[in-house]
Amino acid sequence: MSNGSAFPSLPILDQEPTGRRGFLKACGATLGLAAWATAMQPLVEWSQELSVDEFLQKHYRELKPAEKQAVFRRLEEDCKKDHGVDVTISDPQAIPGVQFAYALNLSVCIGCRKCAEACHIENNHDRATNNSYIRVFEMEMGGIDFEKGDATYDHPVPQPGKFYMPVQCQQCENPPCVSACPIEATWQEEDGIVVVDYNWCIGCRYCEAACPYHARRFNWEAPQIPAEEINPDQGYLSNRIRPQGVMEKCTFCLHRTREGKMPACLEACPTGARVFGNILDPNSEIRWVVENKRTFVLKEELGTKPRFYYFFDE
Amino acid sequence: MATDGNWLFYGWMTLLTAIALVGANAWAVQVRDGMIVTNMSDHVSWGLYIANFTFAVGLAAGGVMMVIPAYLYDDEEMHELVIIGEAVAVAAILMSTLSVVVDLGRPDRFWHLIPGIGKFNWPMSMLTWDILVLNGYLLINLHIVGYLLYMRYLGRKPNPKWYVPFVFLSIIWAISIHTVTAFLYCGLGGRPFWNTALLAPRFLASAFVSGPAFILLVLRVLRTTTDWEWSPRPARTLIQIIRVAMSVNLLMLFSELFTLFYTGSGHAASAKYLFFGSHGATGLVPWIWTAIALNLVGTWLFFLPHALERGSVRVAACLMCIIGIWIEKGMGLVVPGFIPSTLHEIVEYTPSSTEWKATAGIWAFSLLVLTVLIKLIAAVHSRQLHPRSLSETSA
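Residues numbered from 1 in each chain as written. Chains lettered and ligands numbered in written order. Predicted model: local features only at pLDDT ≥ 70, side-chain atom pairs only at ≥ 80, totals over all residues. Heavy atoms only, no water.

## Comments concerning the overall build of chain B
- The secondary structure content of chain B amounts to 13 helices and zero strands.
- When the helices and strands of chain B are placed in sequence order, the string is α-α-α-α-α-α-α-α-α-α-α-α-α.
- Here chain B has a C-alpha radius of gyration of 21 Å; the compact-globule value for 395 residues is 21 Å, and the two agree.
- Based on the C-alpha atoms only, the size of chain B along its principal axes is roughly 70 × 50 × 40 Å. (Helix = DSSP H or I, 4+ residues; strand = E, 2+ residues; numbered from the N terminus. Rg over C-alpha atoms; globule rule 2.2 N^0.38 Å.)

## A word on the overall build of chain A
- Helix and strand counts for chain A stand at 10 helices and 12 strands.
- The C-alpha atoms of chain A give a radius of gyration of 26 Å, which is well past the 20 Å a tight globule of 314 residues would have.
- Along the first, second and third principal axes, the C-alpha set of chain A runs to 95 × 45 × 45 Å.
- Here chain A, with 314 residues, has 51% of them falling under the buried criterion.
- Taking as baseline every contact in chain A between residues at least 6 positions apart, the subset at least 24 positions apart corresponds to 64%. (Buried < 20%, exposed > 50% of the residue type's maximum accessible area, 1.4 Å probe, protein only. Contact = heavy atoms within 4.5 Å.)

## Digging into the confidence of the model for chain A
- Looking at chain A, the pLDDT average stands at 93 and 94% of residues meet or exceed 70.
- Scored below 50 in pLDDT, residues 1–6 of chain A makes six contacts in the model with residues more than four places away or belonging to other chains. (pLDDT = per-residue confidence, 0-100.)

## Remarks on the side chain of Thr 179 of chain B
Residue and element names in this part refer to chain B.
- Secondary-structure assignment places Thr 179 in helix H6 (residues 160–186).
- Residue Thr 179 is classed as buried on the basis of its relative accessible area of 17%.
- Ignoring anything within four residues of it in the chain, the contact list for Thr 179 reads Ala 200 and Leu 204.

## Things to note about the interface of chain B and chain A
- The interface is formed by 66 residues belonging to chain B together with 67 residues belonging to chain A.
- Taken together, the two surfaces of chain B and chain A that pack against each other cover about 6,000 Å², and 60% of this comes from carbon and sulfur.
- Considering only the surface of chain B that becomes buried against chain A, Asp 42, Lys 119 and Leu 343 of chain B emerge as the three largest contributors, covering 13% of it.
- If you look at where chain B meets chain A, you find six salt bridges.
- Put simply, Glu 345 of chain B and Arg 135 of chain A hold a salt bridge, and the shortest N to O gap is 2.6 Å.
- Connecting chain B to chain A are 31 residue pairs in polar contact (both at pLDDT 80 or more).
- Elements represented by at least two residues in the side of chain B that touches chain A include exactly helix H1 (7–33), helix H5 (126–154), H6 and helix H13 (389–394) of chain B.
- Ranked by residues supplied to the side of chain B that touches chain A, first place goes to H1 of chain B with 10 residues.
- Class assignment of the residues belonging to the side of chain B that touches chain A gives a composition of 33 nonpolar, 21 polar and 12 charged. (Buried area = accessible area lost by both parts, 1.4 Å probe. Salt bridge = Lys/Arg side-chain N within 4 Å of Asp/Glu carboxyl O. Polar contact = N/O pair within 3.5 Å; in protein donor to acceptor, adjacent residues only side chain to side chain. Nonpolar A, V, L, I, M, F, W, Y, C, P; charged D, E, K, R; others polar.)

## Structural notes on the domain arrangement of chain A
- Entries for chain A in the domain assignment read domain 1 (22–53) and domain 2 (94–314).
- Using only C-alpha atoms to locate each centre, domain 1 of chain A and domain 2 of chain A end up separated by 44 Å. (Domains from an automatic or database assignment.)

## Some details on the environment of Lys 119 of chain B
- Locating Lys 119 of chain B in the fold gives a position in the loop between helix H4 (76–101) and H5.
- Separated by 243 residues in the primary sequence, Lys 119 of chain B and Ile 362 of chain B have C-alpha atoms spaced 28 Å apart.
- Not counting residues up to four positions away in its chain, the partners in contact with Lys 119 of chain B are His 59, Glu 62, Pro 182, Ile 183, Glu 184 and Trp 200 of chain A together with His 112 of chain B.
- Among the polar contacts listed, one links the side chain of Lys 119 of chain B to the side chain of Glu 62 of chain A, at a separation of 3.3 Å.

## Examining the nonpolar core
- By size, the foremost hydrophobic cluster in this structure holds 157 residues, and its most contacted members are Tyr 206 of chain A together with Trp 46, Ile 84, Ile 177, Tyr 185 and Trp 194 of chain B.
- Per-element tally for this core: the top contributor is helix H7 (residues 199–225) of chain B, with 15 residues.
- Those residues within four positions of Ile 177 of chain B in sequence are excluded, and the remaining contacts are Val 57, Ala 60, Ala 61, Ile 93, Asp 130, Val 133, Leu 134 and Tyr 137 of chain B.
- Of all hydrophobic cores here, the second largest spans 49 residues; its members include Ala 116, Tyr 153, Cys 172 and Ala 273 of chain A. (Core = buried A, V, L, I, M, F, W, Y, C linked by side-chain atoms within 4.5 Å.)

## Some details on the pattern of salt bridges
All names here are of chain A.
- Evaluated as defined, the whole model comprises 27 salt bridges over all chains.
- Between Glu 229 and Arg 127 there is a salt bridge, with the nearest N and O atoms lying 2.7 Å from each other. Highlighted residues: Glu 229 in the loop between strand S7 (216–218) and strand S8 (233–235) and Arg 127 in the loop between helix H5 (114–122) and strand S3 (135–140), separated in sequence by 102 residues.
- On the basis of relative accessibility, which here comes to 36%, the residue Glu 229 falls in the partly exposed class.
- In this structure Arg 127 comes out as buried when scored by relative accessible area, which is 18%.
- We note a salt bridge from Asp 191 to Arg 258, for which the minimum N-O separation is 2.7 Å. Separated by 67 residues along the polypeptide, Asp 191 in the loop between strand S5 (186–188) and strand S6 (194–196) and Arg 258 in the loop between helix H8 (254–257) and helix H9 (264–268) bring together distant segments of the chain.
- Exposure remark for Asp 191: the relative accessible area of 0% places this residue in the buried category.
- Taking the relative accessible area as the measure of exposure, Arg 258 reaches 6% and is therefore buried.

## Description of helix H12 (residues 353–381) of chain B
- Between its first and last C-alpha atoms H12 of chain B spans 41 Å; for 29 residues at 1.5 Å apiece the expected length is 42 Å, and the two agree.
- Of the residues one or two after H12 of chain B, Arg 383 of chain B is the one with positive phi, at around 65 degrees. (Expected span 1.5 Å × (residues − 1).)

## Details of the sheet that holds strand S10 (residues 274–278) of chain A
Residues and elements named next belong to chain A.
- Spatial ordering of the open sheet is given by S10-S2-S12-S11, a layout of four strands whose pairing is mixed. Pairing within the sheet leaves two strands with one partner each, and these edge strands are S10 and strand S11 (295–296).
- The sheet contact formed by strand S2 (residues 100–105) and S10 spans five bridges and is antiparallel. Within the sheet, the bridge partner assigned to Tyr 102 lies in S10 and is Phe 276.
- Each of S2, S10, S11 and strand S12 (308–311) is contacted by helix H10 (residues 285–292), which is oriented at about 110 degrees to S10, the strand it contacts most. (Pairing = 2+ DSSP bridges. Axes fitted to C-alpha atoms, helices over the stretch in contact; angles between N-to-C directions.)

## Details of helix H2 (residues 48–62) of chain B
- For H2 of chain B, which comprises 15 residues, the first-to-last C-alpha distance of 21 Å matches the rise-based estimate of 21 Å (1.5 Å per residue) to within 8%.
- Taken across its 15 residues, H2 of chain B has 15 buried, putting it largely inside the fold.

## Some points on the side chain of Arg 74 of chain A
All names here are of chain A.
- Locating Arg 74 in the fold gives a position in helix H4 (residues 65–83).
- Buried charge without a salt bridge: Arg 74, with Asp 78 as the nearest opposite-charge side chain at an N-O distance of 4.2 Å.
- The residues touching Arg 74, leaving out its near neighbours within four places in the chain, are Asp 53, Glu 54, Gln 57 and Asn 199. (Lys, Arg positive; Asp, Glu negative; His and termini not counted.)

## So, unusual backbone geometry
- In the segment running from Trp 122 of chain B into Pro 123 of chain B, the intervening peptide bond is cis, with an omega of 5 degrees.
- Note the cis peptide between Ile 339 of chain B and Pro 340 of chain B, where omega equals -10 degrees.
- Checked against the element boundaries, Pro 340 of chain B lands in the loop between helix H11 (312–334) and H12.
- Backbone geometry at Gln 171 of chain A places phi at a positive 45 degrees, although glycine is not the residue there.
- Inspection of the secondary structure puts Gln 171 of chain A in the loop between strand S4 (162–167) and helix H6 (176–180).
- Of note in this structure, Arg 383 of chain B is not a glycine but carries a positive phi near 65 degrees.
- Within the secondary structure, Arg 383 of chain B sits in the loop between H12 and H13.
- You can call Arg 383 of chain B partly exposed: its relative accessible area is 37%.

Below, the structure is given as structure tokens:
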């Protein structure tokens, strides 16, 4: 030991284990390390499925075009490997001069949940949980009171004395989920759609706590979908199969709507209750509804400014 | 020195290590298989982990109640012991950080949170504020504890220039960590149960009970296991603080409940579920009434003259208030914020065994670190550990 050293030594660090006590301590430390390795074994198994490229992938908005293409090809390969299915990952961009909005006619909706089912299939949701971005509430006539609503009804529809209210992401102009995210993994696009980079999200679920409309979902485990049921037309920011442990949400089917198609939920609606389009286009149907119907938005008092309008016919 | 001791000490350390390992394993399985192994859901998306996080932040902030008498009121005897409070703060911050890490769906992407390397949504996200203040508080306390301890170890008088400014900074900072943690919740307009301006003051008041109460227990252990002696006065000061803080805490809780229940608006839905159950769902009712009972009896005990003496009344009062506040901040505040959901659906939540194991593991690991810290402090204080001691023992 440095008995005469001018520099005082730190405790513990240079204390050599000597004698019986030191030997026992060394044994204990070895055992402890072995136990630690055993306890952490599941982590090792899990990390073997992670690639370095995936781990180091940058935020979507910082990827250069070539890097984006490399990421999309990698995801396609991963899907082939994991599910045995050939898929294409597209990345349609927001169209300048377009602001999407949605309206729903509550006088016409019969609560058949075809929209929720279409969402389930279109967006490659986990089959076992029957997940969907849309929840349909059976409400009591005489008011709009969610406390008297029921989203788990299981009987023929429509029932007398009831009306039906599908709720999905309101694509708020002032989205609380976006402010909440600590790492900008979720943001609002130019056309108003709030998206998530599934490869950047850390899964803290603060956005889920912040959302006033129960619009966000978490992947509590890796989604399971039979190969033949996977929708192969996938958008990077929308319906591609999500990884375990990240948030997801409705994107107004941007992989369809930015290509001029309608959202899957609208196409599936048998009563024509749903109206979707570009609110900036003065000749659009959605513009006509918002200008001529007595529309309302959910929880207006929160100042979130939803782009999802409800209205009644009569 | 920090790792030597009698068989009781080794038993304690082995027990903590074993629990920490069970917790580590539970977490590793959770990362591999997904958070489906917890009982959280899209309706109740935060549970035991974030509950424990909230409590731990309060514990860390509570340590400041030793710093204020010691430095602002020049209480010399408190000055001797203040390093214990700072050690508790360090361990508590560690506990809060681990509680957040186990709550992440993708811990492998932790680096996305590092400013400069990842994408730090500051100043918009309150979570980024929380990361900053918690890490800042950890660094400040590590510096103060480390510097004072090292000077004492060397037998030199600490230079006030090197730590007093940090001590004053730590007072403001302690208030900030629990304020920002409250802002995480009360800033959310979509959660009426949390969306109240009273939340941050309530957090602080309860922290100034749980922190000092925990420190009182640590002091008790220290006094019975080492030769370190001190007068009964610092502990009495802490008890006076607890008396005031707990009374204020209970008053604010009452005020909150009055506003909710007397108005009877939809904002009371969560409180109704929490205290009385709703639509046949009563999962949190036993929790909150246990907390209320523990807090009331604990407070009553603290007001007894016996609490000022070194006896079992004080220990019982401390334990009751610590457990009461742990429930009140967690199962009584974080969880009911989600029930009913934002669309008024009632989905209940009870922690899964994975969540209990991981949380126990975090407690055990933090206590392990605290034990080593306290043991080191005690050894340096009693001059068992000084620059010559190492060479003497090995000679």
